[in-house]
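# Observations on the model geometry
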Amino acid sequence: MRRKIIAGNWKMNKTPSEAVQLINELKPLVVTDEADVVFCVPAISLIPAVEAAKGTNINIGAQNMYFEESGAYTGEIAPNMLTEVGVKYVIIGHSERREYFAETDETVNKKVLKAFEHGLTPIICCGESLAQREQGVTIDFVRQQIKVAFLGVTKEQAAKSVIAYEPIWAIGTGKVATTEQAEEVCKAIRDCIAEIYDNDTAEAIRIQYGGSVSASSAKELFSQPNIDGGLVGGASLKADFGKIVNYK
Ligand code: PGA
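Let us look at the structure shown here.

Lining the immediate surroundings of the ligand are 13 residues, of which K11, H94, E166, G172 and S212 lie closest. Contacts to the ligand include N9, whose side-chain N or O atom sits 3.5 Å from an oxygen atom. One of the side-chain N or O atoms of H94 is found 2.7 Å from an oxygen atom in the ligand. Broken down by class, the residue content of the shell around the ligand amounts to 4 nonpolar, 7 polar and 2 charged.

A complete count under the given rule lists 8 aromatic pairs for this structure. For the pair F39 and F241, a centre-to-centre distance of 5.6 Å together with 70° between the ring planes defines the contact as edge-to-face. Linking F39 in strand β2 (residues 35-40) with F241 in helix α12 (residues 240-245), this pair joins segments that are 202 residues apart in sequence. In terms of burial, F39 and F241 fall into one category: buried. Geometrically, the ring pair formed by Y100 and F101 is edge-to-face, given 6.4 Å between the ring centres and 85° between the ring planes. By the burial criterion, Y100 is exposed, and F101 matches it.

Below, the discussion takes up the pattern of salt bridges. Any two side chains of opposite charge can pair, so long as their charged atoms come close to each other. In this structure the tally under the stated criterion is 18 salt bridges. Residues R3 and D36 are paired through a salt bridge, measuring 2.7 Å at the closest nitrogen-oxygen approach. With R3 in the segment before β1 (4-9) and D36 in strand β2, this pair connects stretches of sequence that are 33 residues apart. You can call R3 partly exposed: its relative accessible area is 36%. The buried category is assigned to D36, whose relative accessible area is 16%. A salt bridge links E195 to R143; the shortest N-O distance between them is 2.9 Å.

Conventions used here
Residues numbered from 1 in each chain as written. Predicted model: local features only at pLDDT ≥ 70, side-chain atom pairs only at ≥ 80, totals over all residues. Heavy atoms only, no water. Near = heavy atom within 4 Å. Polar contact = N/O pair within 3.5 Å; in protein donor to acceptor, adjacent residues only side chain to side chain. Nonpolar A, V, L, I, M, F, W, Y, C, P; charged D, E, K, R; others polar. Phe/Tyr/Trp six-rings, centres within 6.5 Å; stacked < 30°, edge-to-face > 60°. Helix = DSSP H or I, 4+ residues; strand = E, 2+ residues; numbered from the N terminus. Buried < 20%, exposed > 50% of the residue type's maximum accessible area, 1.4 Å probe, protein only. Salt bridge = Lys/Arg side-chain N within 4 Å of Asp/Glu carboxyl O.

Structure representation (C-alpha cells):
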C-alpha cells in the first residue's frame, strides 16, 4: 500500500516571519500517522521553516532548484544548498515555472536527475492546458511530459519519485477536476511508468492530484485508487490544510 503524500505549495506567499507563524499555527492541525506532509515554502524561508518544523511530522520542500552544482547562475539555488539546510523535497516543473520562467520538459529532466544525485525527492509536475483538454490530447501530452522527465532516471529512483498531476485549468481557479478526470489521468501516468520501467515501479511511485484541492474535495479525490495525495496551493495557507491532511 502506498503511503499518501500531501504537500502544500505556498508559491510566492509569506515572508520568513509569517512563514514561521503559519507553521506554528498549522503544526497541531497537520498531525497524522497516515501521510507524509510537506510544506514547500519560498526559498528565503527554507531555513527558518526547517527550524520551526523540527520535532513535528512536517517536512520542508523547496519550490525550485537549478540543475548545476554551482557557478555563474545569478539568482539560482543549487541542490546542495537545499540539502545542507535540511530540505527533503523539491517541486520541479510546476506549470507556473513552465509558463513564466521558460522551463521545459528538458530542464525538468535535468533538474530531476540532479535532485536524485543529491538525495532530494522531486515532486515532478505535469498537466494539460484547457485547450489541450478540449482538443482531446490530455493523455498524449501528459505521457510525453512524463517520458521526457524520466529520461535517464533509474528504476530505483523512479520508485521514490512523486508526480503531481495538475491540470493547468484547475490551478488557482476554484475549478477542480472531477474525480473521474483526475483518476483517469493519474492512472494513465501510472501505466506510462509501468511501460517505461515495470509494474513494481509503477505500483511504488506516488502520484498526487493538484488544482483547487479543498477541504471538501480532498476526501473523494484522495480515495481514488491511483491518487496518492495532493499538491495544494491556496488551501495550504489556511487552517483548511489540516482538514486536507486529515481528509478521512
Ligand atoms: P491551487 O494550486 O491549489 O491554488 O489550485 C495548486 C498548485 O499550483 O500546486
